[in-house]
Structure formats: C-alpha cells, structure tokens
Amino acid sequence: MRRAAARVIQTEEIYPGTFVTWYDAPALSQHAKPGQFVMVDAGAERSGLDPLLPRAFSYYRFRYASPHDSERQFALLYSLIGRVTEQMASMQPGDRVWMTGPLGRGFEVRRSAANLLLVGGGVGIAPLVALADAESEHASRSRSIVLCFGARGAEGVYPAELLPPQVEYQVATEDGSMGRPGFVTDLFAEHLSWADQSFACGPVPMFRAMSPIVRRDGMSRPVQILMETEMACGTGICYGCAVFTKRGVKLCCKDGPRFELLDVYPNG
Amino acid sequence: MSSSVTDLHAVRAAAARPLTPSLSVDLAPGAKRELTLRNPVMTASGTSSNGLELARLFDINRLGSVLSKGVTLKPRRGNPTPRIVETPAGMLNSIGFQNVGVSKLLSDVATVWETWNVPVVVNMLGDTVDEFARLAQVLDGAPGVAGLEVNISCPNLDVGGVAFGRDPVAAARVVEAVVTSTTLPVIAKLTPDVTDITVIAQACQDAGADALCVANSFVGMSIDVNSRRPRTNRPVAGLTGPAIKPLALRLVWETANAVEIPVIGCGGIMDGRDAVEFILAGATAVQVGTASFRDPFAPIQVLEELVQYCTENGVSDINDLIGAVQVD
C-alpha cells in the first residue's frame, strides 16, 4: 500500500455519463491486480475539508505508455454521480490527485481454469475489464472468456470494441434495445455450467438474483464477487465497511472486496 | 571581556544550529507506573484499528502513543450497516464496538505490541461497572499494554457507553473501579455531550484518573430526505472530523482550566497547526483520528508539522506550549 500523487494523463467519456481517466503513478500500479482498488482523495489539497473522505475505485485498465517502459499507467472508470467524480472528470492533463493503493484482495484465477465467466452491471464492468485484459494476455493458456454485461438500455452498454478481441461479449438490456432482452443474470444462468470459474461485479440486486441461480444448479459453484460498501478509510482502520458473511463479520476493504457469492448472499 | 566574546560566540552558534525541540510529555505524573510519551502525538481509539495496519506503512515507534480499538470482555459483531456517512467536513460513525474480545486481543495482538517501542494504550468498555473492573484486571500486567483508556463516552450502544459519561457519579464509579483493579495509568475518555464537562472531569480526577481524553465523538444525526430514514444504522451516531474541532477545542480549554491532571485533546485534528491549537488550549497530548481515514500517514504528518512549528517559533520544550494561550 502506497500513497502517491497520481498525474492525470487524459480523460475520455467512453459512453454517455461514464468516464475513463488514465493516471501515471508507478507506486500505485506496480503491484496492482485486477479486483484491487485505490482510494481517491477528492480534496486535492489537505486544507480542502469537504468532501473529507476519499472514495474507492477499482482498477479498470493498465498499459505501458511505450514498449520500452517498465512502469505501467492505470485507468479508473466512473460515472458522474457526485462531487468527487465530477472533480475527477474535470481535472486536466498534468493535474495531480492523491491516492492510496493498491488496496484489498483482488480476483483469484486458477491456473487450470480454461473457461472464465465474467458478469457485470454498471460501473461494475471496471474490474472485469482489468481481469479480461490480464487473462487475455495469457494466449498460451488458451483460455475462453465470456463477459456478460447488463444495462437498462443500449445507451448504458459498455462498448464492445474496447474489449480484447479474445473476449466473447454478451449483452442483455432490460428494454431490449441491444443484445438479449432481459437481465444479465439470464446470461449468467446460461453460462454457469460452462464456466470453470465465475467472477462478478455489479449492483447488490444483481448479486441477489445470482444466488438462487447458483443454488438451483445444484453444484453450489463458487462465484467470486467484488463488493462495494460505505467505506471511510479503505485501509482497514475504520471498521465502517462491514460485510456480514457466513464466516463472520468481514471488512470489505481488507478482507475483500472479493467475497464468495454464497457466503454473503446464501439465500438471495 | 574575552569571556563575553566567548558567550557571544556560543549564542551565535546556538542560533545557527537547528533547534531540536524537546517533545517528551508525561501523561501520568505521580502514577504507580509512568506513561511518558516521546512526543504528544497519539492515535485516537477506533481510528487506527489496533495499529498493525499503520505499522506496515510507517515506523509506528515514531508516534507518542498508539490507542487500541475499543475492546470488550466478549467479542462483538458490531452494528449493522450503514456504519459510516459523510457530513460536511466530518463524518458520522456507528461501528458498535466490533472487536475480537480481550482474550484474543491479548493473545494475538498484544504480542505484537510487545515488540514495539511505543506505549500502547488499550481503550476498554464494559456494560457494567463490574465489567470495567474485570477488564482492568485482565489487562493489568499484560505484556505490551502501557495504559488503559476508559471509554465512558461511546454513543453507539444500547447499554453503557455514553450513559456512564453523562453522570458524574456513574463516571466516578467506573473510574474508581478501574483504578483499584490495575496498576496501569488510567485515562478517562469523556463525552462532549454534557452541559458542563468540568463537573464530569473533576469527578473522574477525584476518582483517581491519571489523565482525561477530551473528547469522544459528538452525538449527531443525518436523514435521507428521499427515504425519510436516518442515514446510519441507528438514528443517531458519532460525529467526528474537522467539523467538531472548535467545539472540542473549547472543551479542552474548559477542562484543562478545571483539573490538575493532564488533558489529551481529540477532535478534528488534521495537521500540525491543529495540534498546536489544542496544546495551547491546555492539552498535554493530542489524538489524531478521522484524519487517518483520509490519509493513513496523517499522525506522522501531524508530528512532523508540530516539530516544524516548534522549530520555527523557537519552542525548545513542548511543555512550554501547554495551556499557553493568552486570553487576556
């Protein structure tokens, strides 16, 4: 865990209301893994007391600025939902913002897993893209990756062209304006038995809907979910981000944000 | 004449040297066991877990003292979520004393504290006076434990907590029960939510407290106007952060003028100048809390800025600053 002033490289609106900002801060990206997160200190100056607390964002993407670079840049994906995200989107290249990271326990992929199922909704796509990127790099392992994404309508769908070409992208929209009419959990149900490992990140109702699907399957297959809770510190010292699991009270920031679906939502 | 020239040289040489202020403070003068800190910067209970996370980030031994998260006799799950909500320049918390219980704290955590070169003070809380006494007995003489902070001010519980701290008789009974059950220095952590804090402070002093911590969080509230429900798991919760700093500072000043024992200032300290304010108001030491949520290095930064203030202002001994605010 390090604290560093990340330098803004560029910001882009990748679909309506959803932004991606690239940052340069080797200390924050060097050992970061898909599913881990950073705390972004919105008040750029220490004297800025409102907003007071930092906000958690999953790593969305990593890249090398040039083939010769040994240090990775990283990107965060976010929707404009409040003062912090609005400030992030309005920052100019060269501006700096304090962050702490990498934090938490990210996704764990078994070496032997050939078929990976990724399920996301909303900005929950961010860590799944990081995972898809990382696993697509291992071409020699001949992995198959299916990414299922759900949105209300076409305008909220993550653009397919931004994904690695190896990823099979399946979309469900509630209004049927793109992909399969219905919910992303319908796609999840169809692919569950195919998958050697499943990973999900999205809103709580999505997790709740996934739970009975996993139990109905009869195998109680593990599904790694990435959770988001109210969180003050992100570093394990405030105890604000409690997650009540079958294995006791856990802290989302330190014990998670990766949890087992049925440990947290055993009954939906 | 030659001697006066030498003196002048000595004075000039001293002025050229960077001043290294003496920062050591005594939190329990005259106690059975001393609680002397190498500097006045402590962590606040409940804002640094048990110190292990911060110890991975920086040299924890640089701090004056580390406070444990509040511990109870039995493990507690804590309150449901949401436990945290941000407010302007502050936050409300309702954690509810999630902790592993005193036995596990001693077996798993105090064994690490024992290897540190910084005094660790255990914040402890009971539902009854007897539970406070039993906790004090269990913690007395435990390796790695340098002092006790008696929590009679937690606003997030159904039983005990702030109820003890609002009544001078109850507060004194708790402090007396702890003091007679331990040889460790005892700090009473007071609630700010009283009409006159000096009454409670004097009661705790008379009951044998070695020092007072002023103060715990203020009881606050936040309502979601869409759902028309409180934004925390219980209707009221503890307000901390810079929003409460002027209030806490006033309480420290009032308390320090009313008691003989050391007062520890706590409430919204974000930087070194905030710490200086509390010391000028009468605090012998300060606790850094909510600032660590924003930046886990905050306690170290507060310390460095405090040293910088002393150096820049010719303060050779931090004790000279305590209560040095000029009000006339």
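Just so you know, these numbers come straight off a predicted model, no measurement behind them.

### A short note on the overall build of chain B
Per the secondary structure count, chain B includes eleven helices and 16 strands. For 328 residues, the compact-globule estimate of 2.2 N^0.38 gives 20 Å, and chain B sits close to it at 20 Å. Taking the principal axes of the C-alpha coordinates as reference, chain B spans close to 80 × 50 × 40 Å. Going through the 328 residues of chain B one by one, you find that 59% of them count as buried. In chain B, 71% of the contacts between residues at least 6 apart in sequence involve partners at least 24 apart. Accessible surface computed for chain B: about 13,100 Å², of which carbon and sulfur atoms make up 52%. Averaging the positions of the 25 positive and the 33 negative side-chain charges in chain B gives two centres separated by 9 Å.

### With respect to the side chain of A:Arg143
Residue and element names in this part refer to chain A. Within the element layout of this structure, Arg-143 appears in the loop between α3 (125–136) and β8 (144–151). Owing to a relative accessible area of 11%, Arg-143 belongs among the buried residues under this scheme. A polar atom in the side chain of Arg-143 sits 2.8 Å from the backbone oxygen of Ala-113.

### Looking at the interface of chain A and chain B
Taken residue by residue, the interface counts 29 residues in chain A and 35 residues in chain B. Between chain A and chain B lies a buried interface of about 2,800 Å² when both sides are counted; carbon and sulfur atoms form 58% of it. At the junction of chain A with chain B, the criterion picks out four salt bridges. Seen at the junction of chain A and chain B, the total is ten residue pairs in polar contact (both at pLDDT 80 or more). Looking at the side of chain A that touches chain B, the elements with two or more residues in it are β13 (242–245) and β14 (248–251) of chain A.

### Let's talk about the domain arrangement of chain A
All names here are of chain A. Per the domain assignment, the segments making up chain A are domain 1 (2–103) and domain 2 (115–264). Placing a centre on the C-alpha atoms of domain 1 and another on those of domain 2 gives a separation of 22 Å. Contact residues are listed per partner, giving 19 residues for domain 1 and 27 residues for domain 2. Taking both sides of the interface into account, the surface hidden between domain 1 and domain 2 amounts to around 1,700 Å²; carbon and sulfur atoms contribute 66%. The largest per-residue losses of area from domain 1 upon contact with domain 2 belong to Tyr-15, Tyr-60 and Arg-61, which jointly make up 32% of the total buried on that side.

### Points about the packing of helix α8 (residues 245–256) of chain B against helix α9 (residues 272–281) of chain B
Residues and elements named next belong to chain B. Between α8 and α9, whose axes approach to 8 Å, the crossing angle comes to 25°. The angle between α8 and α9 places the two elements in the roughly parallel class. At the point where α8 passes α9, the crossing takes the right-handed sense. For the pair α8 and α9, the contacting residues are Lys-245, Ala-248, Leu-249, Val-252, Trp-253 and Ala-256 in the first and Asp-274, Glu-277, Phe-278 and Ala-281 in the second. Looking at the contact of α8 with α9, its residues break down into seven nonpolar, no polar and three charged.

### With respect to the sheet that holds strand β14 (residues 237–240) of chain B
What links the strands of a sheet is backbone hydrogen bonding, and the strands pair in either a parallel or an antiparallel sense. All names here are of chain B. Read from one edge to the other, the open sheet built from four strands follows the order β5-β6-β14-β11, with strand pairing classed as antiparallel. Pairing within the sheet leaves two strands with one partner each, and these edge strands are β5 (84–87) and β11 (218–220). Going across the sheet, the axis of each strand differs from the next one's by a mean of 35°, ignoring polarity. Relative to β14, strand β6 (residues 90–93) runs antiparallel, the two sharing three bridges. For Asn-93, the partnering residue across the bridge sits in β14 and is Gly-238.

### Thoughts on the side chain of A:Arg258
Residue and element names in this part refer to chain A. Note that Arg-258 resides in strand β15 (residues 258–260). For Arg-258, the side chain forms a polar contact with the main-chain oxygen of Gly-106, separated by 2.5 Å. Ignoring anything within four residues of it in the chain, the contact list for Arg-258 reads Arg-105, Gly-106, Phe-107, Glu-108, Gln-224, Ile-225 and Leu-226.

### Here's the deal with the nonpolar core
Counting residues in hydrophobic clusters, the biggest one holds 149 residues, and the most contacted among them are B:Leu190, B:Cys204 and B:Leu212. Ranked by residues supplied to this core, first place goes to helix α6 (residues 168–179) of chain B with eight residues. Residues from two domains meet in this core; each of domain 1 (2–103) and domain 2 (115–264) of chain A gives at least three. Those residues in contact with B:Leu190 that sit more than four places away from it in its chain are B:Ile152, B:Ser153, B:Ile197, B:Ile200, B:Ala201, B:Cys204, B:Leu212, B:Cys213, B:Val214, B:Ala215 and B:Asn216. Of all hydrophobic cores here, the second largest spans 31 residues; its members include A:Trp22, A:Leu128, A:Val129 and A:Cys201.

### Observations concerning the environment of B:Ala142
Residues and elements named next belong to chain B. Topologically, Ala-142 is positioned in the loop between α4 (129–139) and β8 (147–151). Ala-142 gets classed as buried once you look at its relative accessible area, which sits at 9%. Separated by 42 residues in sequence, Ala-142 and Leu-184 place their C-alpha atoms 9.9 Å apart.

### A few points about the pattern of salt bridges
In the structure shown here, the tally under the stated rule is 19 salt bridges over all chains. Notably, a salt bridge pairs A:Arg3 with A:Asp41, separated by 2.8 Å at the nearest N-O pair. Of the two residues, A:Arg3 sits in strand β1 (residues 2–15) while A:Asp41 sits in the loop between β3 (37–40) and β4 (55–64), which places them 38 residues apart along the sequence. Grouping residues by exposure puts A:Arg3 and A:Asp41 together as buried. Across the salt bridge formed by B:Glu53 and A:Lys254, the nearest N and O atoms sit 2.7 Å from each other. Of this pair, B:Glu53 sits in helix α2 (residues 52–57) while A:Lys254 sits in the loop between β14 and β15, on two different chains. Judged by relative accessible area, which is 33%, A:Lys254 ranks as partly exposed. A cluster of three or more residues bridged by salt bridges with shared partners is formed by A:Arg3, A:Asp41, B:Arg294 and B:Asp295.

### Looking at the packing of aromatic side chains
On inspection of all chains with the given rule, the structure shows eleven aromatic pairs over all chains. A ring pair is formed by B:Phe58 and B:Phe297, whose centres lie 6.1 Å apart and whose planes are at 45°; its orientation type is tilted. With a gap of 239 residues between them, B:Phe58 in the loop between α2 and β4 (66–67) and B:Phe297 in the loop between α10 (291–294) and α11 (298–312) connect regions that are remote in the sequence. The two residues B:Phe58 and B:Phe297 agree in class, both being buried. Residue placement shows A:Arg63 over the ring face of A:Trp22; its charged tip is 3.9 Å from the ring centre. Above the plane of the ring of A:Tyr239 lies B:Lys69, whose end atom (NZ or CZ) is 4.7 Å from the centre.

Each value, and the rule that gives it
Residues numbered from 1 in each chain as written. Chains lettered and ligands numbered in written order. Predicted model: local features only at pLDDT ≥ 70, side-chain atom pairs only at ≥ 80, totals over all residues. Heavy atoms only, no water. Helix = DSSP H or I, 4+ residues; strand = E, 2+ residues; numbered from the N terminus. Rg over C-alpha atoms; globule rule 2.2 N^0.38 Å. Buried < 20%, exposed > 50% of the residue type's maximum accessible area, 1.4 Å probe, protein only. Contact = heavy atoms within 4.5 Å. Areas by Shrake-Rupley, 256 points an atom, 1.4 Å probe, with all protein chains shown as cover. Lys, Arg positive; Asp, Glu negative; His and termini not counted. Charge placed at Lys NZ, Arg CZ, Asp CG, Glu CD. Polar contact = N/O pair within 3.5 Å; in protein donor to acceptor, adjacent residues only side chain to side chain. Buried area = accessible area lost by both parts, 1.4 Å probe. Salt bridge = Lys/Arg side-chain N within 4 Å of Asp/Glu carboxyl O. Domains from an automatic or database assignment. Axes fitted to C-alpha atoms, helices over the stretch in contact; angles between N-to-C directions. Parallel < 35°, antiparallel > 145°, perpendicular 65-115°, else oblique. Left-handed = near helix turned anticlockwise from the far one by under 90°. Nonpolar A, V, L, I, M, F, W, Y, C, P; charged D, E, K, R; others polar. Pairing = 2+ DSSP bridges. Core = buried A, V, L, I, M, F, W, Y, C linked by side-chain atoms within 4.5 Å. Phe/Tyr/Trp six-rings, centres within 6.5 Å; stacked < 30°, edge-to-face > 60°. Lys NZ or Arg CZ within 6 Å of the ring centre and 35° of its normal.

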